[in-house]
Amino acid sequence: MMKRYPTLFIKPDKGSLGKGIVRLKRYKNRKIKISWDLRHRKVKKSSVWKELQKILKPKRTYLIQQGLKLAKYKNRPVDIRVYMQKPKSKWHISGKVVRVAAAGKFVTNYSQGGRPKSLKTVLRSIYKNRPRKVKRTIRSIDKISTTAAKVLNRKFPRIRQLGIDIAVDTEGRIWIIEANKNPGFMLFKKLKDKTMYRRIVKRRRYIYSRYR
Ligand SMILES: Nc1ncnc2c1ncn2[C@@H]1O[C@H](COP(=O)(O)OP(=O)(O)OP(=O)(O)O)[C@@H](O)[C@H]1O
Ligand SMILES: [Mg+2]
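These figures come from a predicted structure and were not determined experimentally.

## Structural notes on the sheet that holds strand β3 (residues 31-36)
Reasoning step 1: Pairing is antiparallel across the open sheet formed by five strands, whose spatial order is β4-β3-β2-β1-β5. In this open sheet, the two strands that pair with only one neighbour each are β4 (39-44) and β5 (62-66). With strand direction ignored, the average angle separating the axes of adjacent strands in the sheet is 20°.
Reasoning step 2: Here strand β2 (residues 22-26) pairs with β3 via five bridges, running antiparallel.

Here's what the structure looks like:
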């Protein structure tokens, strides 16, 4: 996989809160940079495995993903949390927010210091003077999230709340990083504008009063 992609993300399969994630980056001089938490180490290709064994937990299962070049805001990587809810028969996007990584971090999780920012503010800053690109990006995010919710719902008929993590890469392409059921909504509470937060809480109450 390293041959195929310049960056890899190694993540605990039952991961959470952005913990235990390791990033591998391949350089032209054949060295590999291993990054985790706020630490990193550059090693020869031949010793990557040995080094990884020191960092990864022996009894855990990991998944390896192609690393995406996340778009940046004020020089920090960002991704987008889409909060989806299905109070009745249809999926709704109750909130969308950008998560900006903390200084020096490559994960944007709130628990890792990532902080929320309005989607429009960030997209307008990334696509300066390109309002059509901003609009198109928002439309793609909505479309991919709604499709993902429907597809997951087919396999998991009981889900009513989903957090979908979406990446916009430096080329402007949209990717799904992961999806979680019953995600936290602290991010939305932290935003100055409480519209999305209130909407989420209202639908949550409805969902919890009605099902299970
Ligand atoms: N393939 C990837 N390329 C670039 N960045 C990634 C990639 N995978 C994860 N990240 C970054 O790391 C963050 C955390 O990853 P992810 O959401 O997969 O795990 P998690 O949040 O720890 O797991 P969970 O949400 O199940 O608790 C992402 O929000 C994103 O900022
Ligand atoms: Mg996540």
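## Section: the coordination of the magnesium ion (ligand 2)
Reasoning step 1: Distances from the magnesium ion (ligand 2) to its protein donors, Asp165 (OD) and Glu178 (OE), fall within 2.0 to 2.7 Å. Of this pair, Asp165 sits in strand β10 (residues 161-168) while Glu178 sits in strand β11 (residues 174-181), placing them 13 residues apart in sequence.
Reasoning step 2: On the basis of relative accessible area, Glu178 is assigned to the partly exposed category, the value being 32%.

## Details of the domain arrangement of the protein
Reasoning step 1: On domain assignment, one finds that the protein holds domain 1 (7-66) and domain 2 (72-210).
Reasoning step 2: With centres defined by C-alpha atoms, the gap from domain 1 to domain 2 works out at 26 Å.
Reasoning step 3: Every contact between the two is made by 14 residues of domain 1 and, on the other side, 10 residues of domain 2.
Reasoning step 4: On the surface where domain 1 and domain 2 come into contact, there are zero salt bridges.

Reading guide: rules and limits
The residue count restarts for each chain, going from 1 along the sequence in the order it is written. For naming, the first written chain is A and the first written ligand is 1, with later ones following in the order written. With pLDDT at 70 or above as the cut-off, local features in this predicted model cover only qualifying residues; side-chain atom pairs require 80 or more to be listed or tallied, and sums for whole chains, interfaces and linings still use all residues. For the side-chain quantities, the full set of heavy atoms in the structure was used; hydrogens and water were omitted. Two strands are counted as paired when DSSP detects at least two bridges linking them. Helix and strand labels come from DSSP, where a helix needs a run of H or I of at least four residues and a strand needs a run of E of at least two; each type is numbered from the N terminus. What counts as an axis is a line fitted to C-alpha atoms, over the stretch in contact for a helix, and the angles between N-to-C directions run from 0 to 180 degrees. Coordination here is defined by N, O and S atoms within 2.8 Å of the metal (3.2 Å for Na, K and Ca), and since water is not considered, a site can look incomplete. Residue burial is assigned from relative accessible area. The probe radius is 1.4 Å, only protein chains are included, and a residue is buried under 20% of its type maximum, exposed over 50%, and partly exposed in between. Residue ranges for the domains trace back to a domain assignment, done automatically or taken from a database. What makes two residues a contact is simply this: any of their non-hydrogen atoms within 4.5 Å. Definition used for salt bridges: Asp or Glu carboxyl oxygen within 4 Å of a side-chain nitrogen of Lys or Arg.

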